[in-house]
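# Structure at a glance
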Amino acid sequence: MKKALITGITGQDGSYLSELLLSKGYEVHGIIRRHSVAENQDARIRHLDDQVHTHYGDLLDYPSLVRIMHEVRPDEIYNLAAMSHVRISYDMPSFTIQTNAMGVLNILEVYRTTCPDAKFYQASSSEMFGNSVDEDGMQRMTTPMNPVSPYGCAKVLGFNLVRHYRHAYKLHACNGILFNHESPRRGSNFVTNKVVKHAVEIKKGIRDKLELGNLDSYRDWGHSKDYVRAMHAIINHETPDDFIVSTQETHSVRDLCQIVFNKLGMDYREYVVQDERFMRPEELKYLKGDSSKCRQLLGWKPEYTFDTMIDEMIEKWMSQVKEAGE
């Protein structure tokens, strides 16, 4: 039985990855950061309570990583933990860079010195490209990385550290550059789930408007469940390498609003307002990834469409949000 260690196991990706690995017969371990409200920290994996093994630790607490790595002795390490909200990274730049860059260095060092025969996956990000776009309107491995946020800057350092450790120490260390991916398990302060949740609340009479930042930023949105399949394929590719994972389609936030509100029988223009609070100091205007390498070498392709992903998210909030007055 293979053992997998997942940092960030309580996140959207961590929960779907846990389910995938369990279905393949893995023994799954995960690192949990302590929260003051314990009930909130494991909501996404509570249904897996008796199937996964969790350990308290933190990417910035080196001794905890040493202890966990010695206890688990994993065959595969998935580093999904991060300060993951790009907009908030402007408010917390130091913490973001420590966690998303120095945290990667910490776990790579523990990996190198404790279980160097294991395979390692790093969750890299499309935010690393910033506003660099190739002439055909796509981003690929050769596109210059010019990040426009503390989050993106930290992810570039983490990405390069993984490549360095792979070459310097002959480790099976890989990067997956995942473009935006969503699901019903996405935090509701991320724009996709915020739009869906608030639109359902407007439909049910609980609120009367939706406040957003830039409506004309474009993103390549896929489903987390599809993207964790790619993670597993990347880490198990015979040669450690770096891959882009994307749908190769792009939609604006405005498109997202129009589609979600239309599905609920409403016109988004009657409810959506722009608010400066949600604008980034430096905007990332456009993302569209070229995942042809991932599709050709790994045989991966998404099963969800943008439409079916949105339908699943709407279904979740329609079932959870009560009508006004209930």
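Residues numbered from 1 in each chain as written. Predicted model: local features only at pLDDT ≥ 70, side-chain atom pairs only at ≥ 80, totals over all residues. Heavy atoms only, no water.

## Points about the overall build of the protein chain
The number of helices and strands found in the protein chain is 11 helices and 13 strands. Relative to its length of 326 residues, the protein chain is compact, with a C-alpha radius of gyration of 20 Å against a globular reference of 20 Å. Each principal axis of the C-alpha distribution contributes one length, and for the protein chain these read about 60 × 50 × 40 Å. The burial tally for the protein chain puts 55% of its 326 residues in the buried class. The long-range share in the protein chain, meaning contacts at least 24 apart out of those at least 6 apart in sequence, stands at 78%. Just so you have it, the protein chain exposes about 14200 Å², and 48% of that area is on carbon and sulfur atoms. Of the charged side chains in the protein chain, 40 are positive and 45 negative, and the gap between their average positions amounts to 2 Å. (Helix = DSSP H or I, 4+ residues; strand = E, 2+ residues; numbered from the N terminus. Rg over C-alpha atoms; globule rule 2.2 N^0.38 Å. Buried < 20%, exposed > 50% of the residue type's maximum accessible area, 1.4 Å probe, protein only. Contact = heavy atoms within 4.5 Å. Areas by Shrake-Rupley, 256 points an atom, 1.4 Å probe, with all protein chains shown as cover. Lys, Arg positive; Asp, Glu negative; His and termini not counted. Charge placed at Lys NZ, Arg CZ, Asp CG, Glu CD.)

## Examining the pattern of salt bridges
Overall, the coordinates contain 24 salt bridges when judged by the stated rule. The partner of Glu182 in a salt bridge is Arg186, with the nearest N and O atoms 2.8 Å apart. Both residues of the pair, Glu182 and Arg186, belong to the buried class. Where Asp307 meets Lys263, a salt bridge forms, and the shortest distance between an N and an O atom there is 3.5 Å. Note that Asp307 is positioned in helix H11 (residues 306-320) and Lys263 in helix H9 (residues 253-263), a separation of 44 residues in sequence. (Salt bridge = Lys/Arg side-chain N within 4 Å of Asp/Glu carboxyl O.)

## Description of the environment of Lys225
In this fold, Lys225 is placed in helix H8 (residues 224-235). Exposure remark for Lys225: the relative accessible area of 36% places this residue in the partly exposed category. Residues Lys225 and Tyr304, 79 residues apart in the sequence, show an inter-C-alpha distance of 8.7 Å.

## Overview of the side chain of Asp275
Structurally, Asp275 can be placed in the loop between strand E13 (272-274) and helix H10 (292-298). Separated by 2.9 Å, the side chain of Asp275 and the backbone nitrogen of Arg277 make a polar contact. (Polar contact = N/O pair within 3.5 Å; in protein donor to acceptor, adjacent residues only side chain to side chain.)

## A short note on helix H1 (residues 12-23)
Taking 1.5 Å per residue, 12 residues should reach 16 Å; H1 reaches 17 Å between its end C-alpha atoms and fits that length. For H1, a buried count of 10 out of 12 residues is recorded, marking the element as mostly surrounded by other parts of the structure. Taken residue by residue, H1 has Gln12, Asp13, Gly14, Ser15, Tyr16, Leu17, Ser18, Leu20, Leu21 and Leu22 as its buried positions. Downstream of H1 by one or two residues, Gly25 has phi in the positive range, about 90°. (Expected span 1.5 Å × (residues − 1).)

## As for the side chain of His232
Within the fold, His232 resides in helix H8. In this structure, His232 is in contact with Leu20, Leu21, Lys24, Tyr26, Glu76 and Tyr78, ignoring residues within four places of it in sequence.

## Quick notes on the sheet that holds strand E6 (residues 172-178)
In space, the seven strands of this open sheet follow the order E3-E2-E1-E4-E5-E6-E11, with parallel pairing throughout. Single-partner strands in this sheet number two, and they are strand E3 (52-56) and strand E11 (242-245). Between one strand and the next, the sheet's axes are offset by a mean angle of 20°, whatever the strand orientation. As paired elements, strand E1 (residues 3-7) and strand E2 (residues 27-32) share five bridges and run parallel to each other. Along E2, the bridge assignment pairs Ile6 with Gly30. (Pairing = 2+ DSSP bridges. Axes fitted to C-alpha atoms, helices over the stretch in contact; angles between N-to-C directions.)

## Details of the nonpolar core
Note on soluble globular proteins: their nonpolar side chains tend to be buried together. Among the nonpolar cores identified, the biggest contains 31 residues, and Leu17, Tyr78 and Tyr121 are the most heavily contacted of them. Secondary-structure elements contributing two or more residues to this core are E1, H1, E2, strand E5 (119-125), E6, H8, E11 and H10. The biggest single contributor to this core is H8, with six residues. Not counting chain neighbours up to four residues away, the residues in contact with Tyr121 comprise Ile77, Tyr78, Asn79, Leu80, Cys174, Asn175, Gly176, Leu178, Met231, Ile234 and Ile235. Val200, Cys257, Leu264 and Phe306 belong to the second-largest nonpolar core, a separate cluster that totals 25 residues. (Core = buried A, V, L, I, M, F, W, Y, C linked by side-chain atoms within 4.5 Å.)

Take it as geometry only, folks, not as evidence of what the structure does.
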